[in-house]
Amino acid sequence: MTKRRIVLLVCLLIIFFYAVSRAIQGKPIFFVKSRSSVTTPLIEEFKQRTKGYFYGQRILENVADFKKCTEGQYCIELENKDVNWFGITHNGYAISLNNKDLTVKLSFKNEGKQAGVSFVGRFPAEGREWWNDRIGLNLFAEYDYLKIYLETGDSKDQIELMSQKVPAESNGFHSIYLIFKDSGKTVKILSPQGTTIKELDLPKIYPPTLSQGLFPDKKFYLGLSLAPGSKLTISEFFGFTF
């Protein structure tokens, strides 16, 4: 994919995410003088076309005691004041891929050591250790660094896939797009300008359990993880399948 096409894709994603966020808020998709100018059939058609959409903050708010923050209407934050890591996944809410690819917009920051979100493709069977057969990707912010770790299902130790300095925005947030293709076999991380930050080929990295990709069952779950003394703030976290 050329840089020009990547920039065009990011521009289209920005327009799409903006429209979806306004639809969720019950606002007109575009700026108009009257809400009545957006007809109910149009909204229903839009909803049908965005069935694969998910809103990460609302999912995560069901599993942790987030607080509201000032960086946007839907900004949430969570602080880990414990001496141990805090990690949890909403295993009761699966997001189906429907044999499609997945694009995610994420804006987050962390004060302290590592904190971030998880994309889990498979959980261990009942009676197994928490890490047995668990496949997931953990995306962390640590000051100016973005870090990615892979859960392989073969060991409780994760594989570090990325530790890269990525300048944050003026408000301290890292804003990125993630594109998961072919059941999560490849993952591309893009800047808002369309620059590729990192591209991962998971079957090549760990073929024993990732040969079918990060989402072998065509679905995934969202979670989060915070090191002791860290505070995770999420201003945007949503995506769709296409």
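Definitions and limits used
Residues numbered from 1 in each chain as written. Predicted model: local features only at pLDDT ≥ 70, side-chain atom pairs only at ≥ 80, totals over all residues. Heavy atoms only, no water. Salt bridge = Lys/Arg side-chain N within 4 Å of Asp/Glu carboxyl O. Helix = DSSP H or I, 4+ residues; strand = E, 2+ residues; numbered from the N terminus. Buried < 20%, exposed > 50% of the residue type's maximum accessible area, 1.4 Å probe, protein only. Core = buried A, V, L, I, M, F, W, Y, C linked by side-chain atoms within 4.5 Å. Contact = heavy atoms within 4.5 Å. Phe/Tyr/Trp six-rings, centres within 6.5 Å; stacked < 30°, edge-to-face > 60°. Pairing = 2+ DSSP bridges. Disulfide = S-S within 2.5 Å.

## What about the pattern of salt bridges?
Close approach of charged atoms lets side chains of opposite charge pair.
Reasoning step 1: Per the stated rule, a full pass over the model turns up 10 salt bridges.
Reasoning step 2: Taking the shortest distance from any N to any O, the salt bridge between Lys105 and Glu236 comes out at 3.0 Å. Of this pair, Lys105 sits in strand β6 (residues 102–111) while Glu236 sits in strand β15 (residues 231–241), and the two are 131 residues apart along the sequence.
Reasoning step 3: Among the salt bridges present, the one from Lys188 reaches Glu199, with a minimum N-O distance of 3.9 Å. Pair noted here: Lys188 is in strand β12 (residues 186–190) and Glu199 is in strand β13 (residues 196–201), with a separation of 11 residues, a long-range link.
Reasoning step 4: Judged by its relative accessible area of 14%, Lys188 falls in the buried class.

## Things to note about the nonpolar core
Reasoning step 1: Core analysis: the largest hydrophobic core is formed by 45 residues, its most contacted members being Phe180 and Phe237.
Reasoning step 2: Beyond its immediate chain neighbours, meaning those up to four positions away, Phe180 contacts Asp101, Leu102, Val104, Phe119, Leu137, Thr186, Val187, Leu214 and Phe215.

## What about the packing of aromatic side chains?
Geometrically, a pair of aromatic rings is defined through the distance of the ring centres and the angle of the planes.
Reasoning step 1: Summed over all chains, the structure comprises 13 aromatic pairs.
Reasoning step 2: Here the aromatic rings of Phe54 and Phe220 are separated by 5.6 Å at their centres, their planes lie at 75°, and the arrangement is edge-to-face. You can see Phe54 sitting in strand β1 (residues 54–55) and its partner Phe220 sitting in strand β14 (residues 219–226), a full 166 residues away along the chain. Phe220 shares its class with Phe54; the two are buried.

## Focus: the pairing of strand β11 (residues 174–181)
Reasoning step 1: With 7 of 8 residues buried, β11 lies mostly within the body of the structure.
Reasoning step 2: Across 7 bridges, β6 lies against β11 in antiparallel orientation. Residue Thr103 lies in a different strand from β11, and its bridge partner there is Ile179.
Reasoning step 3: Here β11 pairs with β12 via 5 bridges, running antiparallel. Note on β12: the bridge partner recorded for Lys181 is Thr186.
Reasoning step 4: Hairpin remark: β11 followed by β12, antiparallel, with 4 residues in the connecting loop; positive phi at Asp182, about 55°.

## Concerning the pairing of strand β9 (residues 145–151)
Along a regular strand, successive side chains alternate from one face of the sheet to the other.
Reasoning step 1: With 6 of its 7 residues buried, β9 lies for the most part within the structure.
Reasoning step 2: Pairing geometry for strand β8 (residues 135–142) and β9, over 7 bridges, is antiparallel. Bridge pairing in β9 places Leu137 opposite Leu150.
Reasoning step 3: Counted along the chain from β8 to the antiparallel partner β9, the turn is 2 residues long, and its residue Tyr143 has a positive phi close to 60°.
Reasoning step 4: Judged from the 6 bridges that link them, β9 and strand β10 (residues 159–165) form a sheet pairing that is antiparallel. Residue pairing across strands places Tyr145 opposite Lys165, the latter belonging to β10.

## Notes on the state of the cysteines
A disulfide bridge is the covalent bond that connects two cysteines by way of their sulfur atoms.
Reasoning step 1: If you walk through the whole model with that rule in mind, you get 1 disulfide.
Reasoning step 2: The disulfide partner of Cys69 is Cys75, and the gap between their sulfur atoms is 2.0 Å. Judged by the torsion about the S-S bond (-100°), the Cys69/Cys75 disulfide is left-handed.
Reasoning step 3: With relative accessibility at 15%, the residue Cys69 sits in the buried group.

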